[in-house]
Amino acid sequence: MTVPAIAMVLFALGAYGVATRRNIINVLMCIELMMNAANLNLVFFARLHGAAAGSGNVFAALVIAVAAAETAVGLALALAVYRQVRSVMTDDINLLKG
Amino acid sequence: MSAADALLYALGGVAIAAAIVVVFGRNLLYNVMAFTAVLVASAGLFAAMGSDFLAIVQVFVYVGGVVVLMLFGLMMTASEPGAPVRVDSRQSVVGAVAAAGLTAMLVPLLARLFGAAAPRAEVGGSAAVIGTLLITDYALAFEATGFVLLAAAVAGIVIIRRGETP
């Protein structure tokens, strides 16, 4: 049970960070933290079920790919927002039309 | 406690300590560095669980790619060049309640999934197993992920270029 416990703590910290941090880049990092926690659980699941379930590893690999894509788009959005409002603080983004 | 368990606890402790810095740190650059530490410790956890391929991929993709992207983002959104980027938190009570609620929903699920079974020794984590699965059972998911990556790359360029003044 060690790894799921670690992953749970990481997930909780990530969720807290997503809710409270003001800098978009820091929020992105916290989302990655949560995805990483999910990956840890997937790999632990694969280990639990032995060679028949290499699926856990495949899922984790796919999640890593999707997380990379998410970061690329997220940072592009952060830069686009920064260009409009000169800030990446979430509570400065309060315009419906830039 | 066996040596393998001790290793898991040590790596997990590093990951959690660094994650605390990511979530509560005041300097964004240090947060990114702590984020790197979380990822490296997670790679260590993958390796300790026998998924050597994922450990390598984690270091390549996250530490080599995502963290560098984060650093670029930090650099390009700094309000004054050279000065440390200060970050802070708001709504910490609401955030704590939300995070605790979300986690509390996960605990019974995880307990049901992982509670009874004990880890087995044999592991399907090597590159050969993952590669075979990716081109057989999960070929469609693999292709779809490739398409998602392509779409993300194009979307990133489009979003960045659109706001540019010609």
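Residues numbered from 1 in each chain as written. Chains lettered and ligands numbered in written order. Predicted model: local features only at pLDDT ≥ 70, side-chain atom pairs only at ≥ 80, totals over all residues. Heavy atoms only, no water.

A.B. asks: How would you summarise the overall build of chain B if you had to cite specific residues and measurements?
C.D. replies: Looking only at helices and strands, one finds six helices and zero strands in chain B. Walking chain B from its N terminus toward its C terminus, one meets helices and strands in the order α-α-α-α-α-α. What you see for chain B is a C-alpha radius of gyration of 20 Å, clearly larger than the 15 Å of a compact globule of 166 residues, by over 25%. In terms of principal-axis extent, the alpha carbons of chain B reach across some 55 × 40 × 30 Å. Here chain B holds 166 residues, and 33% of them are scored as buried. In chain B, the share of contacts with a sequence separation of at least 24, taken over all contacts with a separation of at least 6, comes to 64%. If you sum the accessible surface of chain B, you get close to 9,400 Å²; carbon and sulfur atoms cover 72% of it. In chain B, which carries 7 positive and 8 negative side-chain charges, the distance between the mean positions of the two groups comes to 13 Å. (Helix = DSSP H or I, 4+ residues; strand = E, 2+ residues; numbered from the N terminus. Rg over C-alpha atoms; globule rule 2.2 N^0.38 Å. Buried < 20%, exposed > 50% of the residue type's maximum accessible area, 1.4 Å probe, protein only. Contact = heavy atoms within 4.5 Å. Areas by Shrake-Rupley, 256 points an atom, 1.4 Å probe, with all protein chains shown as cover. Lys, Arg positive; Asp, Glu negative; His and termini not counted. Charge placed at Lys NZ, Arg CZ, Asp CG, Glu CD.)

A.B. asks: Now, about the environment of B:Ile130: what can you tell me, with residues and values included?
C.D. replies: Within the fold, B:Ile130 resides in helix H5 (residues 127–135). A C-alpha to C-alpha distance of 18 Å links B:Ile130 and B:Gly44, two positions 86 residues apart in sequence.

A.B. asks: Give me the lowdown on the nonpolar core, citing residues and values where you can.
C.D. replies: Judged by nonpolar contacts, the single largest core of 58 residues is most densely connected at A:Leu10, A:Leu40, B:Val22, B:Phe35, B:Met49 and B:Met70. Contributions of two or more residues to this core are made by helix H1 (2–20), helix H2 (24–48) and helix H3 (55–85) of chain A together with helix H1 (3–24), helix H2 (28–48), helix H3 (52–77) and helix H4 (92–114) of chain B. Counting residues in each nonpolar core, the second largest holds six residues, with A:Val58, A:Leu62, B:Leu133 and B:Leu134 among its members. (Core = buried A, V, L, I, M, F, W, Y, C linked by side-chain atoms within 4.5 Å.)

A.B. asks: Which residues make up a nonpolar patch on the surface, and what are the values?
C.D. replies: All names here are of chain B. On the surface, a nonpolar cluster with roughly 390 Å² of combined accessible area is contributed by Val68, Phe72, Met75 and Met76. Structurally, Phe72 can be placed in helix H3. Accessibility expressed as a relative area gives 44% for Phe72, which makes it partly exposed. (Patch = residues over 30% accessible without salt bridge, like charges linked within 9 Å, V, L, I, M, F, W, Y side chains within 5 Å. Salt bridge = Lys/Arg side-chain N within 4 Å of Asp/Glu carboxyl O.)

A.B. asks: Quick one: what's the story with the packing of H3(A) against H5(B), residue by residue and with numbers?
C.D. replies: Where H3(A) contacts H5(B), the two axes come as close as 9 Å, and the packing angle between them is 75°. Taken together, H3(A) and H5(B) sit at an angle that is classed as roughly perpendicular. Note on element contacts: H5(B) touches H3(A) through B:Ile130, B:Leu133 and B:Leu134, opposite A:Ser55, A:Asn57, A:Val58 and A:Leu62. Residues that form the contact of H3(A) with H5(B) fall into these classes: five nonpolar, two polar and no charged. (Axes fitted to C-alpha atoms, helices over the stretch in contact; angles between N-to-C directions. Parallel < 35°, antiparallel > 145°, perpendicular 65-115°, else oblique. Nonpolar A, V, L, I, M, F, W, Y, C, P; charged D, E, K, R; others polar.)

A.B. asks: Run through the pattern of salt bridges, naming residues and quoting values.
C.D. replies: Across all of its chains, the model carries two salt bridges over all chains by this definition. In this structure, the salt-bridge partner of A:Arg22 is A:Asp91, at a minimum N-O distance of 3.1 Å. Residue A:Arg22 is found in the loop between H1 and H2, and its partner A:Asp91 is found in the segment after H3; the two are separated by 69 residues along the sequence. The salt bridge partner of B:Arg90 is A:Asp91, with a shortest N-O separation of 3.3 Å. Note that B:Arg90 is positioned in the loop between H3 and H4 and A:Asp91 in the segment after H3, a pairing that runs across two chains. Given the relative accessible area of 36%, A:Asp91 is considered partly exposed. The network of salt bridges with common partners includes A:Arg22, A:Asp91 and B:Arg90.

A.B. asks: Go over the packing of aromatic side chains with me, naming the residues and quoting the values.
C.D. replies: Within the structure shown, the criterion is met by two aromatic pairs over all chains. Note on A:Tyr16 and B:Phe24: the rings are 5.4 Å apart at their centroids and 35° apart in plane angle, and the pair reads as tilted. Remark: B:Phe24 occurs in helix H1 and A:Tyr16 occurs in helix H1; the pair is interchain, linking two chains. Relative accessible area serves as the criterion here: at 13%, A:Tyr16 is assigned to the buried category. Both rings, one in A:Phe59 and one in B:Tyr138, keep their centres 5.5 Å apart while their planes meet at 75°; by these two values the pair is edge-to-face. With A:Phe59 in helix H3 and B:Tyr138 in the loop between H5 and helix H6 (139–162), this residue pair bridges two chains. Residue classification places A:Phe59 among the partly exposed residues on the basis of a relative accessible area of 38%. (Phe/Tyr/Trp six-rings, centres within 6.5 Å; stacked < 30°, edge-to-face > 60°.)

A.B. asks: Could you give me a rundown of the side chain of B:Thr36, with the residues and numbers involved?
C.D. replies: Residues and elements named next belong to chain B. Mapped onto the elements, Thr36 comes out in helix H2. What makes Thr36 buried here is its relative accessible area of 16%. Those residues in contact with Thr36 that lie beyond four places of it in its chain are Val63 and Val67.

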